[in-house]
Amino acid sequence: MKNTIPQTLKITKASESKIGQVDFENLDFGKIFTDHMFVCDYANGKWQTPEIIPYGPLTMDPSARVFHYGQAVFEGMKAYKDDQGDTFLFRPDENFKRINKSAERLAIPEFPEDYFFEGLHTLLKLDNDWIKSGFGNSLYIRPFVIATQASVSASEADEYKFMIICSPAQSYYSGDVSVLVAEKFSRSASGGFGYAKAAGNYAGQFYPTNLAKKEGYQQIIWTDSNAHEYMEEAGTMNVFFRVNDTLLTAPTSDRILDGITRKSLIDIAKKEGINIDVRPVKVSEIIAASKNGSLKEIFGAGTAAVISPIKSFGYKGAHYELEKQENSYASHFKKALMDIQYNKAEDSFGWRQKV
Ligand code: COI
């Protein structure tokens, strides 16, 4: 979507960079932010002049609707630097499409494509020193939209703020992950907005995830809200199961996020002739496969998590361990994906976008 009146991006540079204070070898995910941020306000029925300004706090009316009704959506994407110092985005068009799909479901106005890409590329050029080369280093990019209109009346706002902030990142999980398969709580329901990257989808997971943490699990694999019979997704990542040499993953639906890493893995698997079955995955078949030894691997796939091997899972009071595999699919896909992201392999899918 194009705004009817083209407007120029305004840039105000930070007077001093904070980069010297950052220990890039020891980054906690999502805690440090770069020197600049992109901001664009929506008012009077249209997106206003976009700006890049020094990273810093916002001043907002306490009645802004985002605080009361959670009218907010976001994206997660990354920039990667190759050994020559060139910077790349991975399938950014997919993030752009998805933020507007999420926005539509939350009654937020669509953001214009040219603003998004001009803002993003300019921001990445300004903060380019924050993107470190080397496998595993990246810049996590967080575009988001919040309802800023001052009013506690329960309806959609007519003022919004679209922003992009960036955080240097290494891994999201340190080490292999243990997950609990949901039996009681649900992340989303049919007809709801589980497919959207809406803030509330994440807030609703914190309490059940904290209960799971008390039992020694870092994440929950959410199951369908009807009968808790099917494996769906893990909240910060989609999930894949390897049974013998076949990969299984749930089809996307209105309850499941259409993950970009997920669909990239499906395409890589198809290209490489690896059996991949995108179909509803029963909890009972995974338990049976674990018992008879045919369950070889479980891993999560997401932008922040990349590919995270799952070493064990809990279900109905029982704990199931997975044996470490020689030549695991998780490490194979991680390498295949990162080789494309870091410009180390040919990009036959056309997924990389140079900044
Ligand atoms: C991402 O992978 O970008 C996510 O959205 C996960 C995030 C909630 C940390």
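Keep in mind the model is a prediction, meaning the values are calculated, not measured. (Residues numbered from 1 in each chain as written. Predicted model: local features only at pLDDT ≥ 70, side-chain atom pairs only at ≥ 80, totals over all residues. Heavy atoms only, no water.)

K.L.:
Please explain the overall build of the protein chain as it appears in this structure.
P.N.:
On a plain count of helices and strands, the protein chain comes out with 7 helices and 20 strands. For the C-alpha atoms alone, the extent of the protein chain along its principal axes is close to 60 × 50 × 35 Å. If you take every contact in the protein chain between residues at least 6 apart in sequence, the share linking residues at least 24 apart comes to 72%. One finds the centroid of the 41 positive side-chain charges in the protein chain at a distance of 2 Å from the centroid of its 45 negative side-chain charges. (Helix = DSSP H or I, 4+ residues; strand = E, 2+ residues; numbered from the N terminus. Contact = heavy atoms within 4.5 Å. Lys, Arg positive; Asp, Glu negative; His and termini not counted. Charge placed at Lys NZ, Arg CZ, Asp CG, Glu CD.)

K.L.:
I'm lost on the packing of aromatic side chains in this one. Help?
P.N.:
When we look at a pair of aromatic rings, we describe it by the centre distance and by the angle of the planes. What the rule picks out here adds up to 25 aromatic pairs. A centroid spacing of 6.2 Å and a plane angle of 85° characterise the contact between Phe116 and Phe162, whose relative ring orientation is edge-to-face. Taken together, the residues span a long stretch of sequence, with Phe116 in helix 3 (residues 113-126) and Phe162 in strand 9 (residues 160-169) at a distance of 46 residues. For Phe116, a relative accessible area of 0% corresponds to the buried category. On the accessibility criterion, Phe162 (0% relative accessible area) is buried. Among the aromatic residues, ring-to-ring pairing joins Phe38, Tyr42, Trp47, Phe96, Phe111, Tyr115, Phe116, Phe117, Tyr160 and Phe162 into one connected group. Here the guanidinium or amino end of Arg242 rests over the ring plane of Tyr329, the centre of that ring lying 4.1 Å away. (Phe/Tyr/Trp six-rings, centres within 6.5 Å; stacked < 30°, edge-to-face > 60°. Buried < 20%, exposed > 50% of the residue type's maximum accessible area, 1.4 Å probe, protein only. Lys NZ or Arg CZ within 6 Å of the ring centre and 35° of its normal.)

K.L.:
Can you walk me through the pattern of salt bridges in this structure?
P.N.:
Any two side chains of opposite charge can pair if their charged atoms end up close together. Using the criterion set out here, one finds 18 salt bridges in the structure. The salt bridge involving Glu94 is made with Lys97; its shortest N-O contact spans 3.6 Å. Highlighted residues: Glu94 and Lys97, both in helix 2 (residues 92-105), separated by 3 residues, approximately one helical turn. Among the salt bridges present, the one from Lys263 reaches Asp258, with a minimum N-O distance of 3.3 Å. (Salt bridge = Lys/Arg side-chain N within 4 Å of Asp/Glu carboxyl O.)

K.L.:
What am I meant to see in unusual backbone geometry here?
P.N.:
Negative phi characterises most residues that are not glycine, and trans characterises most peptide bonds. Even without being a glycine, Arg91 presents a positive backbone phi close to 50°. Tracing the sequence through the fold places Arg91 in the loop between strand 7 (87-90) and helix 2. Its identity is not glycine, yet Asn244 carries a phi of approximately 50°, on the positive side. Mapped onto the secondary structure, Asn244 falls in the loop between strand 13 (238-243) and strand 14 (246-249).

K.L.:
I'm lost on the nonpolar core in this one. Help?
P.N.:
Generally speaking, soluble globular proteins have nonpolar side chains that are buried together. With 52 residues, the main nonpolar core has Phe38, Trp47, Phe116, Leu124, Ile141, Phe162 and Ile164 as its most contacted residues. Elements supplying a minimum of two residues to this core: strand 2 (36-43), strand 5 (72-74), strand 6 (77-81), helix 2, helix 3, strand 8 (138-147) and strand 9. Each of two domains, domain 1 (10-169) and domain 2 (177-341), supplies a minimum of three residues to this core. Setting aside chain neighbours within four positions, we find Phe162 in contact with Phe38, Val39, Cys40, Trp47, Ile99, Phe111, Phe116, Pro143, Phe144 and Val145. (Core = buried A, V, L, I, M, F, W, Y, C linked by side-chain atoms within 4.5 Å. Domains from an automatic or database assignment.)

K.L.:
Can you help me understand a negative patch on the surface in this one?
P.N.:
A cluster of acidic residues, Asp93, Glu113, Asp114 and Glu118, forms a negative patch at the surface. The element contributing the most residues to the negative patch is helix 3, with 3 residues. Its location among the elements puts Asp93 in helix 2. In this structure Asp93 comes out as partly exposed when scored by relative accessible area, which is 38%. (Patch = residues over 30% accessible without salt bridge, like charges linked within 9 Å, V, L, I, M, F, W, Y side chains within 5 Å. Areas by Shrake-Rupley, 256 points an atom, 1.4 Å probe, with all protein chains shown as cover.)

K.L.:
Sorry, what's going on with the side chain of His228 here?
P.N.:
Looking at where His228 falls in the secondary structure, it is placed in the loop between strand 11 (219-221) and strand 12 (230-231). Looking at His228, its side chain comes within polar contact range of the main-chain oxygen of Lys184, at 3.3 Å. Excluding residues within four positions of it along the chain, His228 makes contact with Ala182, Glu183, Lys184, Phe185, Ser186, Thr223, Val283 and Tyr315. (Polar contact = N/O pair within 3.5 Å; in protein donor to acceptor, adjacent residues only side chain to side chain.)

K.L.:
Honestly, the side chain of Lys78 in this entry has me stumped. Any pointers?
P.N.:
You can see Lys78 is positioned in strand 6. Salt bridges are absent for the buried Lys78, whose nearest opposite-charge side chain, Glu75, sits at 13 Å. Within polar-contact distance, the side chain of Lys78 engages the backbone oxygen of Thr303 at 2.8 Å. Here the side chain of Lys78 touches Ala304 through a polar contact of 3.4 Å, landing on its backbone oxygen. Not counting residues up to four positions away in its chain, the partners in contact with Lys78 are Phe88, Leu89, Phe90, Ser138, Leu139, Tyr140, Ile141, Thr303, Ala304 and Val306.

K.L.:
Even after reading the chapter, I still don't get the pairing of strand 8, so can you show me in this structure?
P.N.:
Two faces, one strand: in a regular strand the side chains alternate between the faces of the sheet. Among the 10 residues in strand 8, 9 count as buried, and that is most of the element. For strand 5 and strand 8, the ladder comprises 3 bridges, and the chain directions are antiparallel. By the bridge assignment, Ala72 is partnered in strand 8 with Ile146. By the bridge criterion, 3 bridges tie strand 6 to strand 8 in an arrangement that is antiparallel. Each bridged residue has a counterpart across the sheet, and for Met77 the counterpart in strand 8 is Ile141. (Pairing = 2+ DSSP bridges.)

K.L.:
Just to check I follow, could you spell out the environment of Ala212 for this structure?
P.N.:
Its place among the elements puts Ala212 in helix 4 (residues 199-214). Ala212 gets classed as buried once you look at its relative accessible area, which sits at 1%. Sequence separation between Ala212 and Asn327 is 115 residues; the distance between their C-alpha atoms is 30 Å. Setting aside its immediate chain neighbours within four residues, Ala212 contacts Leu180, Tyr217 and Ile220.

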